[in-house]
Amino acid sequence: MKLATKLIHGGIEPDPSTGAIMTPIFQTSTYVQEAPGKNKGYEYARSQNPTRMVLEEALAISENGKFGLCFSSGVAATDAVIKLLSPGDEVIAGNDMYGGTYRLFSKVFEKFGIKFHYVDMSSTDNISKVINEKTRLLWIETPTNPLMNIVDIASVTKLAKQKKILTCVDNTFASPYLQNPLDLGADIVMHSATKYLGGHSDVIHGCLMMNDRDLRDQLYFIQKSCGAVPGPQDCFLILRGLKTLHLRMERHCINGEQVANYLRNHSKVGKVYWCGFEDHPGYAVAKKQMRGFGGMMSFTLKDDSVEKAMKLLSSTKLFALAESLGGVESLINHPATMTHASIPREERIKNGLTDSLIRLSVGVEDITDLIDDLNQALESL
Ligand SMILES: *Cc1c(COP(=O)(O)O)cnc(C)c1O
């Protein structure tokens with residue numbers, strides 16, 4: 001089956017009791033048992049919920065994986081992966097990544113004795129240099145947030161396999177429509193389903209997909225023991241979002257390309273970070289491992305002043321000033337004070353995330369309206 005069909009039909013069966021074509025929202029905390037230990041496979045909703053289990057199957061299929069697990073947020077899904085580790089273990093992660101992931105690693109898990117190294121993963125040499133006998137996990141984000149660097153997933157997972165190191169790819173920016181890390185050798189794929197999978201900015205949700213049964217069982221144990229499970233209503237919303245992912249992504253890609261080219265040719269714009277430009281350093285790898293380039297991008301102004309950037313951020317009318325991404329509506333964001341405020345300034349600037357960087361999540365509105373909006377905002381400077 002092709003992706004569009006899988007997204008609509010994967011894991012979905014009519015409800016056996018009524019024939020309802022849409023998966024019911026099983027809003028229940030517990031299940032009546034016939035006798036102690038004798039039940040229909042459902043005991044307590046932290047461990048099993050039918051709405052969530054249908055979504056887990058659908059998500060697994062979307063990433064060509066065997067198993068899926070859902071969490072109450074993307075961060076909770078990340079948290080579960082790190083809980084596979086023990087004190088003394090080491091993780092290698094990217095030096096440009098989602099601020100909340102950095103905060104979870106550095107402010108929560110470091111004090112439990114797990115060590116994190118942050119390197120530019122667009123070169124596998126940088127990773128090889130910090131691998132040692134304590135390295136247990138490579139945490140990969142590509143395209144990176146917000147600088148849109150590209151990591152070669154197949155090369156990195158190959159290196160990890162030789163050393164028996166686990167790999168997890170945060171595939172939130174690309175979505176399963178653009179990139180399938182399990183096919184490229186990753187052990188786990190993580191998504192903030194809050195973004196493209198949900199697609200309508202109305203739910204917080206996260207998930208993990210994998211192929212290995214043992215790994216799934218370990219992560220399921222963490223899911224039920226730590227309890228960061230999503231409610232059934234939230235699972236229903238992600239199930240609904242998933243069915244139009246391919247339609248939305250197609251338009252995000254078309255609009256993204258137009259906005260990227262518009263910005264690049266504007267006299268007041270400095271550098272545009274978008275992985276679909278042929279002169280982007282990661283273009284060849286992006287072309288190899290992605291089916292398109294998406295609607296995420298960042299840019300600076302030629303007059304690289306924070307004041308001008310701030311003025312632009314409050315001058316757009318359609319592009320709403322907000323954190324998050326991947327919804328149908330376009331968003332504009334200031335990483336330094338918003339999504340990436342939890343990364344120390346020095347650290348940020350060292351990695352190229354300057355105070356004047358602006359990030360866009362290009363939505364699926366009419367492209368002429370989007371360009372008009374950016375145009376009036378840029379002209380007002
Ligand atoms: C939003 C986001 C997360 C965190 O997900 P939440 O659902 O907000 O907890 C992780 N990684 C990336 C790339 C994100 O954009």
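Note that the structure is a prediction, hence the values are computed from the model and not measured. (Residues numbered from 1 in each chain as written. Predicted model: local features only at pLDDT ≥ 70, side-chain atom pairs only at ≥ 80, totals over all residues. Heavy atoms only, no water.)

Visitor: Now, about the packing of helix H3 (residues 74-82) against helix H4 (residues 99-109): what can you tell me, with residues and values included?
Guide: Running from amino to carboxyl end, H3 crosses H4 at an angle of 45°, the nearest separation of the two axes being 10 Å. In terms of orientation, H3 lies oblique with respect to H4. For the crossing formed where H3 meets H4, the hand is right-handed. Of the residues in H4, those touching H3 at Val75, Thr78, Asp79 and Ile82 are Thr101, Leu104, Phe105 and Phe109. When the residues that make up the contact of H3 with H4 are grouped by side-chain class, the tally is five nonpolar, two polar and one charged. (Axes fitted to C-alpha atoms, helices over the stretch in contact; angles between N-to-C directions. Helix = DSSP H or I, 4+ residues; strand = E, 2+ residues; numbered from the N terminus. Parallel < 35°, antiparallel > 145°, perpendicular 65-115°, else oblique. Left-handed = near helix turned anticlockwise from the far one by under 90°. Contact = heavy atoms within 4.5 Å. Nonpolar A, V, L, I, M, F, W, Y, C, P; charged D, E, K, R; others polar.)

Visitor: Can you break down helix H12 (residues 306-313) residue by residue, with the values?
Guide: If you check which residues of H12 are buried, you get Ala309, Leu312 and Leu313. The arc that holds the buried residues of H12, viewed along the axis, is 100°, so those residues lie on one side. Buried residues along H12 sit in contact with strand E9 (296-301), strand E10 (320-321), strand E11 (331-333), strand E12 (358-361) and helix H14 (367-379). (Buried < 20%, exposed > 50% of the residue type's maximum accessible area, 1.4 Å probe, protein only. Arc of directions from axis to C-beta.)

Visitor: Just give me the short version of the domain arrangement of the protein chain, but keep the residues and values in it.
Guide: Along its sequence, the protein chain is carved into domain 1 (3-242) and domain 2 (245-379). Relative to domain 2, the C-alpha centre of domain 1 lies at a distance of 26 Å. Listed by partner, the interface residues are 42 residues for domain 1 and 43 residues for domain 2. The junction of domain 1 with domain 2 conceals about 3,500 Å² of combined surface from both sides, 61% of it contributed by carbon and sulfur atoms. Of all residues in domain 1, Tyr177, Leu178 and Tyr196 bury the most surface against domain 2, accounting for 22% of the area lost on that side. At the surface where domain 1 touches domain 2, the tally comes to one salt bridge. Put simply, Lys288 and Asp152 hold a salt bridge, and the shortest N to O gap is 2.9 Å. Where domain 1 meets domain 2, there are 21 residue pairs in polar contact (both at pLDDT 80 or more). (Domains from an automatic or database assignment. Buried area = accessible area lost by both parts, 1.4 Å probe. Salt bridge = Lys/Arg side-chain N within 4 Å of Asp/Glu carboxyl O. Polar contact = N/O pair within 3.5 Å; in protein donor to acceptor, adjacent residues only side chain to side chain.)

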